[in-house]
Amino acid sequence: MQGRNADDDWWRHAVVYQVYPRSFADADGDGVGDVAGIRSKLPHLAALGVDAIWISPWYPSPMKDAGYDVSDYRDIEPVFGTLAEADALIAEAHEAGIKVIIDIVPNHTSDQHVLFQRALAAGPGSPERDLFIFRDGRGAGGELPPNDWQSTFGGPAWTRVADGQWYLHLFTPEQPDVNWRSPAIRAEFETSLRFWFDRGIDGFRIDVAHGLEKDWALPDLNGLEFPLEDDAEHDHPHWDQPRVHDIFREWRTVADEYSPSRAFCGEIWVGRAHRLVAYLRPDELHTAFNFDFLTAPWLPGDLRAVIDRTIDSHASVGAPPTWVLGNHDVARPVSRYAREQQGLVKMARNLVHFEGRPADFELGLRRARAAALLMLALPGGAYVYQGEELGLPEAEHIPVEALQDPVWVQSNGTDKGRDGCRVPLPWTASGTSYGFSPAGGAAPWLPQPDDWAPLAADAQDGVEGSTLELYRAALGLRRELAAFGDGDFAWLDAPDGVLAFTRPGRAGEPGVRSWTNFGPDAVALPEGEVLLASGPLAGVMLPPDTTAWLRA
Ligand code: NOJ
């Protein structure tokens, strides 16, 4: 184990790199990424300097939602590899000083999961059906869904089965929601947690953690929007239900049985800081993604407010703040920041939210690089989504017939969905699918843009000023200097349009200052050694949309 990553509290300051296995690296040439591909790229990840990887679902799955429809939580999808390969990956990652977090999907299973298949076969009123959320319909013949809930991807959240009952699915019809009031479901998931903890994984990312509990009266929404207003006193019937916390208290006791304790990171879209940190109380989850930061526009006032709110709210429960700019569900930061940032809807994250706003991709990349240094200097942990270290933009022109995301179909072709951030990575400027697959391999499962050669990892390797070298240098400094990661933070006085803060030194080392210029003109940097900058400096001047780190 290397450096600070060896301590038990590694999750308080870790940089976690998200591997989306379908699109990371394809070793066997079928056009889909695999576990062997991840193993082959561990040297890339070690050289990048990440502390941990989070692997999106790698379980057997009919892939109706790219693996978030799990048909067996205790095996590996054959397209991705085998359990033996997963074991080897975990061991090799640990050898390289990299922790391994995997995804668990507890809100729903695949409709092909044996438990759902049994529930279908067993019929209404059976104990098997009680593991999911089956109800009779409304209307004289039960021909109407039990209530007006909608799937997150569009369309009704209920599907009717042959015997006339309906089952709930907050996502696709192939992802039936499970019943967390059922002791059998609780036991089932606890067994899966232990299965992977026993294999040596260091933690879980929890899919839709805020969705597991429902209001069992199943009331209509009657147009109730989510996220709720900050001061709302009522709850939403299927998101962020208060009883969900009991589940995570149980999970925490399981994680704490291991030494060192395993760590959880919740995917929790609640849009209200006080509700988010309720999941991070000392006996619940360790960390959660900070989607307020991800969705904040590139504007100093908005970002400053989010940073303050994050630090204050997390401190109130003793949890480390975390920071994130992208993942497999949102448009890549280069493409979001390439567009006008004023007047966006709250939590704008997909390109539908930016429609009609022309893009300047050079500007987007400059801002994404500045955002990366800003984020990596903030206190706590950070997430990097695969391809951010290459400065990849969203692939915006995937032909509709090649789209795979169920969002396209469920939105009746009004939203192209999330495929644009899931395109296979370019590893080499030349070769089959930019080196994603071996020479002569099948076409990648999503088409890659034809102008990505300059963004390929090998085209940036060793090139001064490339985005890859910027990330390597930043993560290297994070490991070297005790001021980074969890710890103190204070804003500094700075000219208008500049966000400047200090991370005080520790262990006899000097601290670090971070300056980001959001304004239209260059500003003079204070005196001090510049450790790293997200773009070229003009002497002592910090250009627009640039971050510089200075020794304090
Ligand atoms: C959140 C995941 O990140 C997303 O990709 C998935 O579609 C939904 N949860 C449903 O599992």
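Here the structure is shown first, and the text comes after it.
This write-up is about the structure you can find in this document.

About the cut-offs
Residues numbered from 1 in each chain as written. Predicted model: local features only at pLDDT ≥ 70, side-chain atom pairs only at ≥ 80, totals over all residues. Heavy atoms only, no water. Pairing = 2+ DSSP bridges. Helix = DSSP H or I, 4+ residues; strand = E, 2+ residues; numbered from the N terminus. Contact = heavy atoms within 4.5 Å. Axes fitted to C-alpha atoms, helices over the stretch in contact; angles between N-to-C directions. Phe/Tyr/Trp six-rings, centres within 6.5 Å; stacked < 30°, edge-to-face > 60°. Lys NZ or Arg CZ within 6 Å of the ring centre and 35° of its normal. Core = buried A, V, L, I, M, F, W, Y, C linked by side-chain atoms within 4.5 Å. Buried < 20%, exposed > 50% of the residue type's maximum accessible area, 1.4 Å probe, protein only. Patch = residues over 30% accessible without salt bridge, like charges linked within 9 Å, V, L, I, M, F, W, Y side chains within 5 Å. Areas by Shrake-Rupley, 256 points an atom, 1.4 Å probe, with all protein chains shown as cover. Salt bridge = Lys/Arg side-chain N within 4 Å of Asp/Glu carboxyl O. Lys, Arg positive; Asp, Glu negative; His and termini not counted. Charge placed at Lys NZ, Arg CZ, Asp CG, Glu CD. Near = heavy atom within 4 Å. Polar contact = N/O pair within 3.5 Å; in protein donor to acceptor, adjacent residues only side chain to side chain. Nonpolar A, V, L, I, M, F, W, Y, C, P; charged D, E, K, R; others polar. Parallel < 35°, antiparallel > 145°, perpendicular 65-115°, else oblique. Left-handed = near helix turned anticlockwise from the far one by under 90°.

1. Let's talk about the sheet that holds strand β14 (residues 512-517)
- With antiparallel pairing, five strands are arranged side by side in an open sheet as β12-β13-β14-β18-β16. Every other strand in the sheet has two partners, leaving β12 (490-491) and β16 (530-533) as the edge strands with one partner each.
- Here six bridges tie β14 to strand β18 (residues 546-551), and the two strands are oriented antiparallel to one another. Directly across from asparagine 517, in β18, lies its bridge partner threonine 546.
- Lying on the sheet, helix α12 (residues 361-377) is in contact with β13 (498-503), β14, β16 and β18; it crosses β18 at an angle near 40 degrees.
- Here helix α15 (residues 467-480) sits on the sheet in contact with β16 and β18, set at roughly 140 degrees to β16.

2. Let's talk about the packing of aromatic side chains
- A complete count under the given rule lists 33 aromatic pairs for this structure.
- Over the aromatic face of tryptophan 445 sits the side chain of arginine 22, whose NZ or CZ is 4.2 Å from the ring centroid.
- Positioned above the aromatic ring of tryptophan 269 is the side chain of arginine 349, whose terminal nitrogen or guanidinium carbon lies 4.0 Å from the ring centre.

3. A closer look at the nonpolar core
- Judged by nonpolar contacts, the single largest core of 146 residues is most densely connected at Tyr17, Trp58, Phe204, Phe248, Trp251 and Trp549.
- It is α12 that provides the largest number of residues to this core, a total of nine residues.
- Core analysis: the second largest hydrophobic core is formed by 14 residues, Trp158, Leu170, Val208 and Val407 among them.

4. Side note on a negative patch on the surface
- Together, Glu229, Asp230, Asp231 and Glu233 give the surface a local cluster of negative charge.
- Among the secondary structure elements, glutamate 229 is positioned in the loop between β7 (203-206) and α7 (244-256).

5. Some thoughts on the sheet that holds strand β9 (residues 287-288)
- The eight strands lie next to each other as β9-β8-β7-β3-β2-β1-β11-β10, forming an open sheet whose pairing is parallel. Looking at which strands have only one partner, the edges of the open sheet turn out to be β9 and β10 (322-324).
- Pairing of strand β8 (residues 263-266) with β9 involves two bridges; the strand directions are parallel. If you follow glycine 266 over to β9, its bridge partner there is alanine 288.

6. What to know about the site of the ligand
- Close to the ligand lie 14 residues, the nearest being Asp65, His108, Asp207, His328 and Asp329.
- In this structure, an oxygen atom belonging to the ligand sits 3.1 Å away from a side-chain N or O atom of arginine 205.
- One of the side-chain N or O atoms of aspartate 207 is found 2.7 Å from an oxygen atom in the ligand.
- Within the complex, the protein chains bury 97% of what would otherwise be the 290 Å² of accessible surface of the ligand.
- Here the shell around the ligand is composed, by residue class, of four nonpolar, three polar and seven charged.

7. Focus on the packing of helix α6 (residues 183-198) against α7
- Relative to each other, α6 and α7 sit at 30 degrees, their axes nearing to 11 Å. In terms of axis orientation, α6 runs roughly parallel to α7. For the pair α6 and α7, the crossing hand works out as right-handed. Where α6 approaches α7, its residues Arg186, Phe189, Glu190, Leu193, Arg194 and Phe197 are matched on the opposing element by Ile247, Glu250, Trp251, Val254 and Ala255.
- Of the residues belonging to the contact of α6 with α7, the class tally is seven nonpolar, no polar and four charged.

These results come straight from atomic positions and should not be treated as a statement about function.
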